[in-house]
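What follows is the residue order along each chain.
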Amino acid sequence: MTSTDVRPQTAAGLTFPPGFVFGAATAAYQIEGAVDVDGRGPSIWDTFSHTPGKTFQGDTGDVAVEHYVRYPQDVALMKDLGLDAYRFSVSWPRVLPAGAGAIEQRGLDFYRRLVDELLGAGIAPWLTLYHWDLPQALQDQGGWTDRDTAYRFAEYAGVVYDALGDRVPHWSTLNEPMCSSLLGYMAGQHAPGHQDPVEASRAVHHLLLGHGLATQVMRDKGADHLGITLNFTPMSPATDSPADVDAARRLDGQQNRMFLVPIATGEYPADVVADLADAGAPLPIEDGDLEVISAPLDWLGVNYYFESTVRGLSEPSGKHPTFIGAERVQDLEPEGPTTTMGWGISPEAFTALLTRISGIAPGLPLFITENGSAWPDEVSADGQVHDPERVDYLLRHLAAMTEAIDAGADVRGYFAWSLLDNYEWARGYAQRFGLVHVDYATQVRTPKDSAGTYADVIRSAKDGV
Ligand code: FCB
């Protein structure tokens, strides 16, 4: 199938609610580069990516896609796509190089320029305060394992809000606290690269506490469109055996419920609390924390890529687990085609997930803040980038989302991951998620076929076709 087979038919076939927001997303460390200019301090990702053996081919975000200087061109690309909105993150160590204390105005000025450029192009800025780049100075004091980091995060939120609150309407505290805590402190695949269940459990709770404290700070300053972005991976048992069902329950608990449920209801799920305590890694909850964590929000960001099937084992697998107390759980290889990340493709699970989230957090408007796929894209002889697999993935997931909307899920927007090819964390530059191709040698941007498809969808949605 080629992209031209798919495009006309489906752009016209999808219908979206009035006012539906179409956007694309990025994150600071993945695109900005310029890690040592304008007073920026080091982050845990600078340290981690420069540690031998931690990232694919030793790739770092030192240069990335030079968005720090090329942002006007990137905003122009967004305008060409017809985007309503752009989701980006602020680099904490650009604004507070030591994590707390002295404010670096030159760092804030970059975001002021970016926001002005967006507003000038008629694109709404959606700002995420934390997309994983903790100032190294705070990591040196324990990072998210230290309760104080939650308070430092709230102070940082206040600083950024004071600078940009008048011009940025949409605010998000954290991106995927599951990854910051479990991938960073338990699996060790992400910065700071630790493998310690006690640290991971502490990080979970302090990230959520930081979210709640930052929400309070921004609310007090007048913020009226505040949210958080969580990542969800539906977990199915391989069979209905009790061991498989329990394995799926445990992973679903830590991946999907441990973050959403306390935010939505003010309580952690009891089975998750018990799993973590049994593993010797209890959540370090103090009186009043859950009230802070469950401060009312205006929207929830949902990131979705793939689903997992898991099996319960009678003996430990011998592999270091990503989840706490999950030594006897095996994540099965996906069936069917996979992206270059090795992720399966399951739009049906996306529909079911959105319906499920709506049930857990009724009344909370949802925005898909990330969804996308990585493929081995190349510039062809005709100068174009033909990415039929991404076109297919995009259209099938948009269709799956609209099915959930038709079934009652209050989904109000979709942000494609990602606007540009970029630094895919530990997987380096080998994984290309962009709607726009970037030649890393020349920094030349080339919109892929999928960018054209997305632009067609957006245009046809607006025209009511
Ligand atoms: C998400 C991250 C994002 C990107 C995509 C592929 O987990 O939030 O930065 O890496 O995965």
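Rules used in this analysis
- Residues numbered from 1 in each chain as written.
- Predicted model: local features only at pLDDT ≥ 70, side-chain atom pairs only at ≥ 80, totals over all residues.
- Heavy atoms only, no water.
- Near = heavy atom within 4 Å.
- Polar contact = N/O pair within 3.5 Å; in protein donor to acceptor, adjacent residues only side chain to side chain.
- Areas by Shrake-Rupley, 256 points an atom, 1.4 Å probe, with all protein chains shown as cover.
- Core = buried A, V, L, I, M, F, W, Y, C linked by side-chain atoms within 4.5 Å.
- Buried < 20%, exposed > 50% of the residue type's maximum accessible area, 1.4 Å probe, protein only.
- Helix = DSSP H or I, 4+ residues; strand = E, 2+ residues; numbered from the N terminus.
- Contact = heavy atoms within 4.5 Å.
- pLDDT = per-residue confidence, 0-100.
- Pairing = 2+ DSSP bridges.
- Axes fitted to C-alpha atoms, helices over the stretch in contact; angles between N-to-C directions.
- UniProt positions renumbered as here; feature names shortened; annotations may be inferred.
- Salt bridge = Lys/Arg side-chain N within 4 Å of Asp/Glu carboxyl O.
- Phe/Tyr/Trp six-rings, centres within 6.5 Å; stacked < 30°, edge-to-face > 60°.

Asks: Would you explain the site of the ligand in this entry?
Replies: Taken together, the residues surrounding the ligand are Gln30, His131, Trp132, Asn175, Glu176, Tyr305, Glu370, Trp417, Glu424, Trp425 and Phe433. One of the side-chain N or O atoms of glutamine 30 is found 2.7 Å from an oxygen atom in the ligand. In the environment of the ligand, an oxygen atom lies 3.0 Å from a nitrogen or oxygen atom belonging to the side chain of glutamate 370. Coverage of the ligand by the protein amounts to 94% of the 300 Å² it exposes when considered alone.

Asks: Is there a simple way to explain the nonpolar core in this structure?
Replies: Note on soluble globular proteins: their nonpolar side chains tend to be buried together. Core analysis: the biggest nonpolar cluster contains 146 residues, and Trp171, Leu354 and Met401 have the highest contact counts within it. No other element matches the nine residues that helix α15 (residues 388-406) contributes to this core. With sequence-adjacent residues up to four places away left out, leucine 354 is seen in contact with Val302, Leu366, Ile368, Met401, Ala404, Ala409 and Val411. If you look at the next biggest cluster of nonpolar residues, it comprises five residues, including Ala150, Ala154, Leu209 and Val292.

Asks: For this particular structure, what's the right way to read the confidence of the model for the chain?
Replies: Parts of the model with low pLDDT should not have their predicted coordinates read in detail. Across the chain, the average pLDDT comes to 97, with 97% of residues at 70 or higher. Per-residue pLDDT stays below 50 along residues 1-10; that stretch engages in 14 contacts with residues further than four places along the chain or on separate chains.

Asks: Just checking my understanding: could you explain the side chain of threonine 351 for this structure?
Replies: Its location among the elements puts threonine 351 in helix α14 (residues 347-360). Those residues in contact with threonine 351, other than ones at most four positions away along the chain, are Ala400, Glu403 and Ala404.

Asks: Before we go on, may I ask you to explain the sheet that holds strand β9 (residues 329-331) in this structure?
Replies: Note on sheets: strands pair through backbone hydrogen bonds, and any given pair is parallel or antiparallel. Ordered by their spatial adjacency, three strands build an open sheet running β6-β8-β9, and the pairing between neighbours is mixed. Only two strands of the sheet have a single partner each, and these edge strands are β6 (235-237) and β9. Each strand axis lies, on average, 35° off the axis of its neighbour in the sheet, ignoring direction. Where strand β8 (residues 308-312) lies against β9, three bridges are found, and the strand directions are antiparallel. Bridging across to β9, glycine 312 finds its partner in valine 329.

Asks: Sorry, what's going on with unusual backbone geometry here?
Replies: Most of the time, phi is negative for any residue but glycine, and the peptide bond is trans. Alanine 191 connects to proline 192 through a cis peptide bond whose omega is 5°. Checked against the element boundaries, proline 192 lands in the loop between α9 (177-187) and α10 (197-220). Here the phi dihedral of tryptophan 425 falls at roughly 50°; this positive angle occurs in a residue that is not glycine. Among the residues examined, tryptophan 425 registers a relative accessible area of 3% and is labelled buried. Non-glycine residue glutamine 443 carries a positive phi angle of around 65°.

Asks: Would you mind going over the UniProt feature "binding site: substrate" (unreviewed entry) in the chain with me for this structure?
Replies: Those places that UniProt annotates as "binding site: substrate" (unreviewed entry) correspond, in this numbering, to Gln30, His131, Asn175, Tyr305, Trp417, Glu424 and Trp425. Positionally, tryptophan 417 belongs in strand β11 (residues 411-417). Overall, tryptophan 417 belongs to the buried group, its relative accessible area being 4%. Summarising the element assignment, tryptophan 425 is placed in the loop between β11 and β12 (436-439). For tryptophan 425, the contacting residues outside a window of four places in its chain are Ala27, Tyr29, Gln30, Trp45, Thr55, His131, Trp132 and His190. Separated by 3.4 Å, the side chains of tryptophan 425 and glutamine 30 make a polar contact.

Asks: What is the right way to look at the pattern of salt bridges in this model?
Replies: Pairs can form between side chains of opposite charge whenever their charged atoms are close. Scanning the entire structure with this criterion turns up 30 salt bridges. The residue arginine 70 makes a salt bridge to glutamate 66 at a minimum N-O spacing of 2.8 Å. Here arginine 70 falls in the partly exposed class, since its relative accessible area comes to 26%. Judged by its relative accessible area of 26%, glutamate 66 is partly exposed.

Asks: Help me out: how do you make sense of the UniProt feature "active site" (unreviewed entry) in the chain in this one?
Replies: In the numbering used here, UniProt assigns the feature "active site" (unreviewed entry) to Glu176 and Glu370. A maximum C-alpha distance of 10.4 Å places the annotated residues, which cover 195 residues in sequence, within one compact spot. Along the chain, the position of glutamate 176 falls in the loop between β4 (170-175) and α9. Dropping the residues within four chain positions of it, glutamate 176 is found in contact with Trp132, Thr229, Asn231, Asn303 and Glu370.

Asks: Would you mind going over the packing of aromatic side chains with me for this structure?
Replies: Working definition: an aromatic ring pair is given by the centre-to-centre distance plus the angle between the planes. Inspection of every chain in the model, using the stated rule, returns 36 aromatic pairs. Arranged with centres 5.5 Å apart and planes meeting at 85°, the rings of tyrosine 29 and tyrosine 423 form a pair that is edge-to-face. With a gap of 394 residues between them, tyrosine 29 in helix α2 (residues 28-31) and tyrosine 423 in the loop between β11 and β12 connect regions that are remote in the sequence. You'll find tyrosine 29 and tyrosine 423 in the same group, each marked buried. With a centroid separation of 4.8 Å and an interplanar angle of 70°, the aromatic rings of phenylalanine 110 and tyrosine 111 are classed as edge-to-face. Among the aromatic residues, those joined into a ring-pair cluster are Tyr29, Trp45, Phe48, Trp132, Tyr423, Trp425, Tyr429 and Tyr440.

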